[in-house]
Amino acid sequence: MAEEILRLERVCKAYNVGLPSETEVLHDIDLRLNRGQFLALTGPSGSGKSTLLNIVGLLDRPTSGRLFIKGQDTGLLGDAAITRLRGHTIGFVFQDHHLISAFTAQENVMMPLLVDRGFPGADIAARAGDLMERVGLVKVAGNLAANMSGGQQQRVAIARALAMGPDLVLADEPTGNLDTKSADSVFELMRQVNRESGTSFLMVTHNLDLARRCDRIIDVVDGRINS
Amino acid sequence: MNRWLPFEWIAAVRFLREGRMQTLFIVTGIGIGVGVIVFMSALLTGLQANFLKRVLTSQPQIQLLPPDQIARPLRNGLGEFESAIVQRPSQRTISIDQWPKIRDRMLADPEVTVVSPTMSGSALAVRGDANRAIAISGVEPASYFKIVKIPDYIVAGEARLTSDDIIIGTELAKDLGANLGDKLRVQAASGSAVVLKITGVVDLGNKGPNERNTYVALRTAQSLLGTIGGVTTIDLTVRDIYAAETVAARIQASNTVQADSWIKTNAQFFTAINAQQTSNTLIRVFVALSVAFGIAAVLVVSVIQRSKDIGILRAMGASRGQVLRVFLIQGGLLGFVGALAGSLVGVAGLVYWHSIVKQADGSELFPLVFERSLFVVTAILATLTGLLAAMFPALRAAKLDPVEAIRG
Ligand SMILES: Nc1ncnc2c1ncn2[C@@H]1O[C@H](COP(=O)(O)OP(=O)(O)OP(=O)(O)O)[C@@H](O)[C@H]1O
Ligand SMILES: [Mg+2]
């Protein structure tokens, strides 16, 4: 049996709890993801895909239900432990690249390591350099985010998500802002990383063509998994 | 990236550098405020130092006088006032009782550094048709010149006082048309007179003293004023000039003399200094407040502008503490860099002011005194102000919900 990276048990999420406007947007989600799997998350707008990703990414907590990361019940962890677990096991790629504009591309890739270690050692710069090479951006490593194309920015964001050697990368519409060709190559990059390093991916996408090229499609409709 | 800087410092510096205009404007603002503080403080210190130097080289720090002769209301046998209004008697030239004994006691006092008996009185200086009322100080040059630095103020001749010599002020010399080496007839109220040779001309820095003050040997003054062997004052300097008042009080309590310290005789000066220091403190407080609000305002805006960056940093594992420190450091840095800029502004202002503002005679109004402590304390206070001001925005940054922050 493959190693389990992520498991959700009857996860519910409600917003504005206790207010008249309280709405439950995720209902009893059960989900399991193993090492090396590349999952696509699809579904209509407002169905709760981003909400689910935020919970899996430990950026938000479920209202009820349990979330296990590599077998650990995250409901038992405090804020600081959650932050540390997030930094070490999960990488994020968003629709917007969210590169920090005050830093160059390569420095952005160094950032998670810098945050973790506290100091920018030579090994950190070297690792960031390797990652820049892996995403094919050695030439623009010294550029600021503003001086790169959308596809390049997204590649830097992927390199950054991989900096800590995460077990799981969460990508929320990573190709949503890109033209078909760039979208394709960004997706292929993730697929390649997934195959070469065994990193698991959970990717939200509206692009059915890309979704079909994943290991599995999970369709979310009205806060429920429809499969 | 500097390999030796921790993450928080790197991020803080980058964020400040990227926010060019904001950073530049707030640093300029802080610089102006701090510059005013530095300028005012150094100017005040300089003026004070100048005044102190002037006072302490032209006056004794403590002067011992015969006790005041006090008039009492006249009463009749029943104890009722017959005449309740009393006039102070004019103080005659009286010698200090048993002054050699008091002088010896002063010489033995460890707080006292120089003791100099003086005989003063008034007289008339006559030269040809011209005559002027003068104040005569009969002094022992060896000790007196250590208290009042006459030799430093000599503009012609020398500070020599044998029994036939007199040192006069520049204005008096002009009024009498007298030159160095000329003879001067000095006549006391009693009618006795001596002829003295002008051996020195001094500039005491003020017109009044330059017109009136003259210095002769102690013996000369004693015989002229008809008080052989007497002195009217004993002048002292003390080890700690700021303790002069307590020392004076102690001397007065244990001797039959009146002891006036320079602190008492220059009470006005100290009142003025106190008033200036109070207003200086107020200015500091208000400048610190406006610096604090300026920094807080800039950082509050910066936190809003950077909420996406904060969100992504939190997502990649940055703790609330790290985010908090990134913004605290920015506040501290703004304060510190502002203080540096302000010190430059203040010093430049002082140097310029010093070069254009002069006393009537062209000499400097105040010495340029730059105490290192002023700059160090200013830098520390400005940095602390910056840190404090950054507290509120930094807490807001640390509390940002990453989900909200990333969604923008
Ligand atoms: N902070 C919030 N407070 C209240 N309601 C929210 C909040 N965030 C999301 N929602 C609601 O939750 C539901 C799910 O939103 P979510 O962003 O997860 O949808 P999504 O599937 O990602 O949609 P899209 O494809 O458009 O990105 C929506 O109805 C949304 O309005
Ligand atoms: Mg979404």
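Residues numbered from 1 in each chain as written. Chains lettered and ligands numbered in written order. Predicted model: local features only at pLDDT ≥ 70, side-chain atom pairs only at ≥ 80, totals over all residues. Heavy atoms only, no water.

Colleague: Mind showing me how you'd approach the packing of helix H1 (residues 7–18) of chain B against helix H13 (residues 320–356) of chain B here?
Modeller: Axis angle and axis distance: for two packed helices, these are the angle between their axes and the distance between the axes, and together they describe the pair. All names here are of chain B. One can describe the packing of H1 onto H13 by two numbers: an axis separation of 8 Å at closest approach and a directional angle of 55°. It follows from the interaxial angle that H1 and H13 lie oblique. When the axes of H1 and H13 are compared, the crossing they make is right-handed. Each of Phe7, Glu8, Trp9, Ala11, Ala12, Val13, Phe15 and Leu16 in H1 lies in contact with H13, whose residues at this interface are Gln322, Arg325, Val326, Ile329, Gln330, Leu333 and Leu334. For the contact of H1 with H13, the class distribution of residues is 11 nonpolar, two polar and two charged. (Axes fitted to C-alpha atoms, helices over the stretch in contact; angles between N-to-C directions. Helix = DSSP H or I, 4+ residues; strand = E, 2+ residues; numbered from the N terminus. Parallel < 35°, antiparallel > 145°, perpendicular 65-115°, else oblique. Left-handed = near helix turned anticlockwise from the far one by under 90°. Contact = heavy atoms within 4.5 Å. Nonpolar A, V, L, I, M, F, W, Y, C, P; charged D, E, K, R; others polar.)

Colleague: Explain the interface of chain B and chain A to me, please; I cannot follow it from the model alone.
Modeller: Each partner contributes residues to the interface: chain B has 28 residues there, and chain A has 28 residues. Carbon and sulfur atoms make up 65% of the area that chain B and chain A hide from each other, which totals about 2400 Å². A:Glu107 is the partner of B:Arg14 in a salt bridge, and the nearest nitrogen-oxygen pair spans 2.7 Å. Inspection of the region where chain B meets chain A yields 10 residue pairs in polar contact (both at pLDDT 80 or more). Looking at the side of chain B that touches chain A, the elements with two or more residues in it are H1, helix H12 (307–315), H13 and helix H15 (402–407) of chain B. (Buried area = accessible area lost by both parts, 1.4 Å probe. Salt bridge = Lys/Arg side-chain N within 4 Å of Asp/Glu carboxyl O. Polar contact = N/O pair within 3.5 Å; in protein donor to acceptor, adjacent residues only side chain to side chain.)

Colleague: Would you mind going over the pairing of strand E1 (residues 62–65) of chain B with me for this structure?
Modeller: Residues and elements named next belong to chain B. Examined bridge by bridge, E1 and strand E12 (residues 258–261) share four bridges and lie antiparallel to one another. Residue pairing in the sheet places Gln63 in a bridge with Asp260 of E12. Bridge analysis of E1 against strand E11 (residues 233–238) gives three bridges, and the strand direction is antiparallel. Across the sheet, residue Ile62 finds its bridge partner in E11, namely Leu236. (Pairing = 2+ DSSP bridges.)

Colleague: What's the story with the side chain of B:Ser137 in this structure? I'm lost.
Modeller: Residues and elements named next belong to chain B. Mapped onto the elements of the fold, Ser137 is located in strand E5 (residues 130–139). Ser137 sits in the buried class, given a relative accessible area of 16%. In contact with Ser137, other than residues within four places in its own chain, are Thr118, Met119, Ser120, Thr214, Tyr215 and Val216. (Buried < 20%, exposed > 50% of the residue type's maximum accessible area, 1.4 Å probe, protein only.)

Geometric values such as these leave the question of function open.
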